[in-house]
Amino acid sequence: LVWVHDYYLMLLPQMLREARPKMRIGWFLHTPFPSAEIYHTLPHRKTILRGVLGANLIGFQIYDYVRHFMTACASVLGTDVNVESTYILDAQQRTAVTVDAFPVGIDCAHFQSLLATRELKDKVIELQRRFDGKKIVLGIDRMDYIKGIPHKLLAIDKFLSAHPSWAGKIQLVQIATPIMRGDTARYVKLRNKVHKLVGQINGRFSTLAHAPIHYLDQPISPCDVAALCFLADVMMITSLREGMNANAFEYVACQQRNRGVLILSEFAGSAQTLGSGAILVNPFNTDAMALALYEALHMPEADREERHHNMNEYVQRFTLQYWSDDFSTELMTQEDADHELLSLELPEPLPRSEL
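Thresholds applied
Counting restarts for each chain, with residues numbered from 1 along the sequence as it is written. Thresholds applied to this predicted model are a pLDDT of at least 70 for local features of residues and 80 or more for the giving and counting of side-chain atom pairs; totals over whole chains, interfaces and linings are not thresholded and use all residues. Water and hydrogen atoms play no part in the side-chain values, which are based on all heavy atoms of the structure. Helix and strand labels come from DSSP, where a helix needs a run of H or I of at least four residues and a strand needs a run of E of at least two; each type is numbered from the N terminus. Each residue is placed in one exposure class: buried if its accessible area under a 1.4 Å probe, protein chains only, is under 20% of its type's maximum, exposed if it is over 50%, and partly exposed if it falls in between. What a helix is expected to span follows from its residue count: subtract one and scale by 1.5 Å. What the arc measures is the spread of directions leading from the helix axis to the C-beta atoms. The contact definition used throughout considers only heavy atoms, calling two residues in contact when any of these lie within 4.5 Å. What makes two strands pair is DSSP finding at least two bridges between them. Think of it like this: strands point away, you trace from the first strand over the helix to the second, and a clockwise trace means the crossover is right-handed. Every residue is assigned a pLDDT by the predictor, reflecting its confidence on a scale from 0 to 100. Here the term patch refers to residues with relative accessible area over 30% and no salt bridge, with like charges joined within 9 Å and nonpolar side chains (Val, Leu, Ile, Met, Phe, Trp, Tyr) within 5 Å. The Shrake-Rupley method, run with a 1.4 Å probe sphere, supplies the accessible areas, and residue values consider only the shown protein chains as cover. By salt bridge we mean one thing: a side-chain nitrogen of Lys or Arg within 4 Å of a carboxyl oxygen of Asp or Glu. An axis is simply a line fitted to the C-alpha atoms; with a helix, the fit covers only the stretch in contact. Between two such axes, the angle follows the N-to-C directions and lies from 0 to 180 degrees.

## Here's the deal with the environment of Glu37
Reasoning step 1: Mapped onto the secondary structure, Glu37 falls in helix H2 (residues 36-39).
Reasoning step 2: Here Glu37 falls in the exposed class, since its relative accessible area comes to 62%.
Reasoning step 3: Note: C-alpha distance between Glu37 and Thr71 (34 residues apart in sequence) is 9.4 Å.

Have a look at this one:
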């Protein structure tokens, strides 16, 4: 039994299949799978898809990506797609492969134990003193162009411009964790753009005693993350496209007391699982995001309670362990124990005399 993860290893399932034909192989993609129209532009599109189809079971975060993958296989490879049964039937290779959605969760028990530690309680007290009297809006993102950090900052700028009285009462705590490829020209340009926006907004709306944006261009400890998630009144996730986004789940898991509001991009995979409780936004519409922030800050307690209950019920049930068990069980119970039993028996051709 082998479980292969992510786009770096899309060719590996077929390599394993050629080396061990009877092996059970699963492949899971943690990132979005593009639409078939975009996938068509890749020069090695057939080789990549053939590589993935070497697996017995193929998993994605949400059903949108399942549909994209199956459509790409049908248009590029000519496979027969049955979305209802989640099978891809490949007459050329004479195989059938299961494709399904397996949304990733988080380790809720870890956060519950972390919230009970003395270290975290001391950190919460420290942050309460630091941001006393302020509504905390939290953003925790990698410094990556898909995270939509500039869009979030533009929304904050529009919110403060429309409601200047909030300038001294709101605190955006934005953590922008650098990534390994951050020294390339594209990421340097993004970082510079974010720094410029932070400077402009703080320059316009700050006083001698307060700046509306508290920005850190560095990673922080898991304890600090949990403390901020525990305290924040609002969390803003403005991804332009993302597989799932675990930060949304972590915020919900830590909000057992305050019942904070989650503003979530409709382009994050978690929007399909937490949409019943989050305020969904289009990150390309910064005016709408500013309105969503106003709604979140003024939301009645009863509404916050109901929204949090809906999200927390999902987060506590569909954990990281549940995801792992679900995928592993599905892989082990595939009808195809050796990938040969799924072979499609092609009908014998009719004699020419009967045509």
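## Some remarks on helix H12 (residues 286-297)
Reasoning step 1: In this model H12 runs 17 Å from its N-terminal to its C-terminal C-alpha over twelve residues, within 8% of the 16 Å that 1.5 Å per residue would give.
Reasoning step 2: If you check which residues of H12 are buried, you get Thr286, Met289, Ala290, Ala292, Leu293, Ala296 and Leu297. Angular distribution of buried residues about the axis of H12 spans 160°; they occupy a single face of the element.
Reasoning step 3: Looking at the buried residues of H12, the elements they touch are strand E7 (135-142), helix H7 (149-162), strand E8 (170-177), strand E10 (234-237), strand E11 (261-265) and strand E12 (279-281).

## As for the pairing of strand E3 (residues 57-60)
When a strand is regular, its side chains alternate between the sheet's two faces.
Reasoning step 1: Of the two faces of E3, the one carrying Leu57 and Gly59 and the one carrying Ile58 and Phe60 are both buried.
Reasoning step 2: Here three bridges tie strand E2 (residues 25-28) to E3, and the two strands are oriented parallel to one another. Its bridge partner being in E3, Trp27 is matched across the sheet by Ile58.
Reasoning step 3: As judged from the four bridges shared by E3 and strand E6 (residues 95-101), these two strands associate in the parallel manner. Residue pairing for E6: Leu57 is matched across the bridge by Thr98.

## Side note on the pairing of E7
Reasoning step 1: Here E7 lies mainly inside the structure; six of its eight residues are buried.
Reasoning step 2: Summarising the sheet, E7 and E8 pair through eight bridges and their orientation is parallel. In the strand pairing of E8, Val137 is matched with Leu172.
Reasoning step 3: As a crossover connection, the stretch from E7 through H7 into E8 is right-handed.

## Observations regarding the confidence of the model for the protein
A low pLDDT means the predicted coordinates there should not be read in detail.
Reasoning step 1: On average, the protein scores 91 in pLDDT, and the residues at 70 or more come to 92%.
Reasoning step 2: Between residues 336-346, whose pLDDT stays under 50, and residues either more than four places distant or in other chains, the model counts 25 contacts.

## Some words on a nonpolar patch on the surface
Reasoning step 1: A surface patch of nonpolar side chains, amounting to about 340 Å² of accessible area, comprises Tyr7, Tyr8 and Leu9.
Reasoning step 2: Within the secondary structure, Tyr8 is located in the loop between strand E1 (2-5) and helix H1 (12-19).

## Points about the sheet that holds E12
Reasoning step 1: Strand order across the open sheet formed by six strands is E9-E8-E7-E10-E11-E12, with parallel pairing between neighbours. The open sheet has two free edges, formed respectively by strand E9 (213-216) and E12, since each of these has just one partner strand. When the angles between neighbouring strand axes are averaged without regard to direction, this sheet yields 15°.
Reasoning step 2: Relative to E11, E10 is paired through four bridges, and the arrangement is parallel. What sits directly across from Met235, in E11, is Leu262.
Reasoning step 3: Helix H10 (residues 246-254) contacts E7, E10 and E11 of the sheet and is inclined by roughly 170° relative to E10.
Reasoning step 4: Across the sheet, H12 is in contact with E7, E8, E10, E11 and E12; its angle to E12 comes to roughly 170°.

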